[in-house]
Amino acid sequence: MSNSDASVMNEAARRRTFAVISHPDAGKSTLTEALALHAHVISEAGAVHGKRGRRGVASDWMAMERERGISVTSAVLQFEYRDCVLNLLDTPGHADFSEDTYRVLAAVDCAVMLLDAAKGLEPQTLKLFGVCRTRGIPVITFVNKWDRPGREALELLDEIEHRLGIRATPVMWPVGVAGHFEGLMDRRDPGFVTRYSRTAGGATRAGEQRLPITRSLEQEMTGLLSSIEEVELLQQLSLDHEQEAFLAGFSTPVFFGAAVSNIGVRSLLEALIDLAPAPVGRFTEDGGEVPLDDEFTGLVFKVQANMDPAHRDKIAFVRVCSGIFERGMMLAHAGTGRPFTTKYAHSMLGRERTSVDRAFPGDIVGLVNAASLHPGDTLTEGKAVRFPPMPVFAPEHFAVVRGTDPSKSKQFRKGVAQLEAEGVVQVLMSDRRSGQAPVFGAVGPMQFEVATHRLQHEFGAPASIEMLPYTLARRTNRAGLELLGSTHGVEVLQRMRDGAFLALFSDRHRLAFVARQHPGLMLDLLAAQQE
Ligand code: G4P
């Protein structure tokens, strides 16, 4: 084994690449900040996400995001803790951008499922958990907002087990019911309780005090006796963490806390290091495997433009899958064989960019001037391997987008092609509609706003949106184009990206009716969410 093979294996072994999946408002931004705070990346909460009046606006890049207080784009936060390097990939909070979130999940090795203690499993969490399960991503659960009244801890475990079909195995257990948070018991360290002292506004790390249970009883922790009983019950039910079952997706270790007060966050951070998997070799499209110490390979999971109005360029986010990335190295696009220079490689924290000189499996590199790269592309040092394609979604919202300034038709076309290439929307065309008025398909309507905002501000091509009454898309073929073309309530369009024919239907009844009339035409009855 050469020195560089040894260093790639050692460096990969200390990487943890993960994302937080949650329903909006469960506290993802708050938890991200709390993790950064514990790892000493920031000294005061409010520096990274800066939502709603907090300091700074590092990860929100578009005016629209700031107005709405949502984060549309994905930033990557890299930090060191103990002897590990953690890569936290941010995912958009709003359900309308779930397609982006799915792409991010193609680049992680583990996910933290964040639940609001009062709400338990919410629709977006269920959807995202489904993706983790399909992709075989192990999931750690963090029950947040324990400082507020909420559900019972045992009831939450039950919900996870019954609705997700995996065993919920608590590693930490709360003392005191939700809303009366008195401390945490670590099931691996019986006989002790950790108490926390809050800091003003949760801006700095909470103080921790580890006390023997007997002392805690003296200190009148009112919830302690019932917590001890519950922990005994967990023992009887054998709800203990098992590493293999967790890695195989059969169980999820559960943690409790309050991200806003930085309580319980350190145990989660420790779990990411002790339990979450390091990168391993990746499977390729043809079923082969690229070992970690092979030549460099990387997966483009996101292409993003206009992160910062001061730099109007495109950045491709690449997850290093094998080998060592060195800035300046010459890569090849696995699909086309075209060379790609990597002179400008960055790591991203919100708006701030720093040059990356070397990166190892699990790391994320932002490549600038990435106009020719698309999500799902593979970059290699020369070897002809390709990773499986990114999931493409069945759009559920459709709109005609028209350039409103005829003198800007060229800019409009260029902008539309770029939005399609980045996967911001799916662009659908037909002979019956003019090229100046393509149909956009989206998973959530807010994607249209992002698209028109960018057409206007980035490409100088103002555009209007007219919503269409379709809600479902099914893949069909050329015969479908001819046969269904004159059917009421149905329209067939061709997707710009891959030439696929999509039949759009106003509702399920119309779809069922057409499917009965023309059996054999619906090539693919797509699943509701994912193709
Ligand atoms: P998101 O990124 O998942 O959408 O959630 P975000 O972190 O923005 O948190 C949503 C709301 O929940 C915020 O309140 C935040 O302060 C609150 N929150 C997060 N973690 C906790 C927690 O552990 N305990 C309690 N009690 N609240 C928590 P907000 O009022 O909407 O915004 P803000 O004014 O506090 O920023």
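Residues numbered from 1 in each chain as written. Predicted model: local features only at pLDDT ≥ 70, side-chain atom pairs only at ≥ 80, totals over all residues. Heavy atoms only, no water.

Observations regarding the sheet that holds strand β5 (residues 139-144)
Strands belonging to one sheet form pairs held by backbone hydrogen bonds; the direction of such a pair is parallel or antiparallel. Pairing in this open sheet of 7 strands is mixed, and the strands run β2-β3-β1-β4-β5-β11-β6 from one edge to the other. Two strands in the sheet have a free side with no partner beyond their single neighbour: β2 (76-81) and β6 (167-170). Across the sheet, the axes of successive neighbouring strands diverge by a mean angle of 30°, strand direction being ignored. Both β6 and strand β11 (residues 251-256) contribute to a ladder of 4 bridges, which runs parallel. Bridge assignment links Ala168 to a residue of β11, and that residue is Thr252. (Pairing = 2+ DSSP bridges. Helix = DSSP H or I, 4+ residues; strand = E, 2+ residues; numbered from the N terminus. Axes fitted to C-alpha atoms, helices over the stretch in contact; angles between N-to-C directions.)

Considering the confidence of the model for the chain
Summarising the model, the chain shows a mean pLDDT of 83, and 83% of its residues fall at 70 or more. Note that residues 47-74 has pLDDT below 50 and, in this model, 83 contacts with residues that lie over four places away or in other chains. (pLDDT = per-residue confidence, 0-100. Contact = heavy atoms within 4.5 Å.)

Considering the nonpolar core
Formed by 93 residues in total, the largest nonpolar core has its most connected members in Leu31, Leu35, Leu86, Leu105, Trp146 and Leu272. Both domains that furnish three or more residues to this core are identified here as domain 1 (17-274) and domain 2 (282-380). In this view, Leu86 contacts Arg16, Phe18, Leu77, Gln78, Phe79, Tyr81, Leu269, Leu272 and Ile273; residues no more than four positions away in its chain are not counted. (Core = buried A, V, L, I, M, F, W, Y, C linked by side-chain atoms within 4.5 Å. Buried < 20%, exposed > 50% of the residue type's maximum accessible area, 1.4 Å probe, protein only. Domains from an automatic or database assignment.)

Here's the deal with the state of the cysteines
This structure, assessed with the given rule, holds 0 disulfides. There is no disulfide at Cys110, and the cysteine sulfur nearest it, in Cys132, is 8.6 Å away. Residue class for Cys110 comes out buried when judged on its relative accessible area of 1%. (Disulfide = S-S within 2.5 Å.)

Structural notes on the pattern of salt bridges
What the rule picks out here adds up to 23 salt bridges. Lys145 is the salt-bridge partner of Asp116, the closest N and O atoms lying 3.4 Å from each other. Pair noted here: Asp116 is in strand β4 (residues 110-116) and Lys145 is in the loop between β5 and α6 (153-164), with a separation of 29 residues, a long-range link. The exposure class of Lys145 is buried, given its relative accessible area of 17%. Salt-bridge contacts for Arg402 lead to Glu466; the nearest nitrogen and oxygen are separated by 2.9 Å. Taken together, the residues span a long stretch of sequence, with Arg402 in strand β24 (residues 397-403) and Glu466 in strand β27 (residues 463-467) at a distance of 64 residues. (Salt bridge = Lys/Arg side-chain N within 4 Å of Asp/Glu carboxyl O.)

A look at the pairing of strand β29 (residues 490-495)
In terms of residue burial, β29 counts as a mostly covered element, since 5 of its 6 residues are buried. Of the strand pairs in this sheet, strand β25 (residues 426-429) and β29 are connected by 2 bridges, and their pairing is antiparallel. Counted as the bridge partner of Leu428 is Arg495 from β29. Between the antiparallel neighbours β29 and strand β30 (residues 501-505) lie 5 residues, among them Gly499 with a positive phi of about 75°.

Let's talk about the packing of helix α2 (residues 28-38) against helix α10 (residues 265-274)
At their nearest, the axes of α2 and α10 sit 10 Å apart, and the two run at 75° to each other. Between α2 and α10, the interaxial angle falls into the category roughly perpendicular. Two secondary-structure elements touch here, α2 through Leu31, Ala34, Leu35 and His38 and α10 through Val265, Arg266, Leu268 and Leu269. Taken together, the residues of the contact of α2 with α10 sort by class into 6 nonpolar, 1 polar and 1 charged. (Parallel < 35°, antiparallel > 145°, perpendicular 65-115°, else oblique. Nonpolar A, V, L, I, M, F, W, Y, C, P; charged D, E, K, R; others polar.)

Examining the environment of Glu285
In this fold, Glu285 is placed in the loop between β12 (282-283) and β13 (289-290). Separated by 100 residues in sequence, Glu285 and Val385 have C-alpha atoms that sit 7.8 Å apart. Here Glu285 is in contact with Arg386, Phe387, Pro388 and Pro389, once residues within four sequence places are set aside.

Remarks on the packing of helix α11 (residues 409-422) against helix α12 (residues 446-459)
Packing of α11 against α12 brings their axes to within 10 Å, and their N-to-C directions diverge by 130°. Taken together, the axis directions place α11 and α12 in an arrangement best described as oblique. Crossing hand, α11 versus α12: right-handed. Residue-level contacts link Gln411, Phe412, Lys414, Gly415, Val416, Gln418, Leu419 and Glu422 of α11 to Ala451, Arg454, Leu455 and Phe459 of α12. Of the residues contributing to the contact of α11 with α12, the split by class is 6 nonpolar, 3 polar and 3 charged. (Left-handed = near helix turned anticlockwise from the far one by under 90°.)

Some words on the environment of Leu37
Locating Leu37 in the fold gives a position in helix α2. Among the residues examined, Leu37 registers a relative accessible area of 3% and is labelled buried. Expressed as a C-alpha distance, the spacing of Leu37 and Asn262, which sit 225 residues apart in the sequence, is 8.6 Å.

What to know about helix α8 (residues 224-236)
Across its 13 residues, α8 extends 19 Å between first and last C-alpha, which sits within 8% of the 18 Å expected from 1.5 Å per residue. Three or more residues of α8 are buried, namely Leu224, Ser227, Val231 and Leu234. All buried residues of α8 fall inside an arc of 70° around its axis, so they share one side. Away from its buried face, by an angle of more than 90 degrees, α8 presents the exposed residues Leu225, Glu229 and Gln236. The first or second residue beyond α8 is Ser238, which carries a positive phi of 55°. (Expected span 1.5 Å × (residues − 1). Arc of directions from axis to C-beta.)

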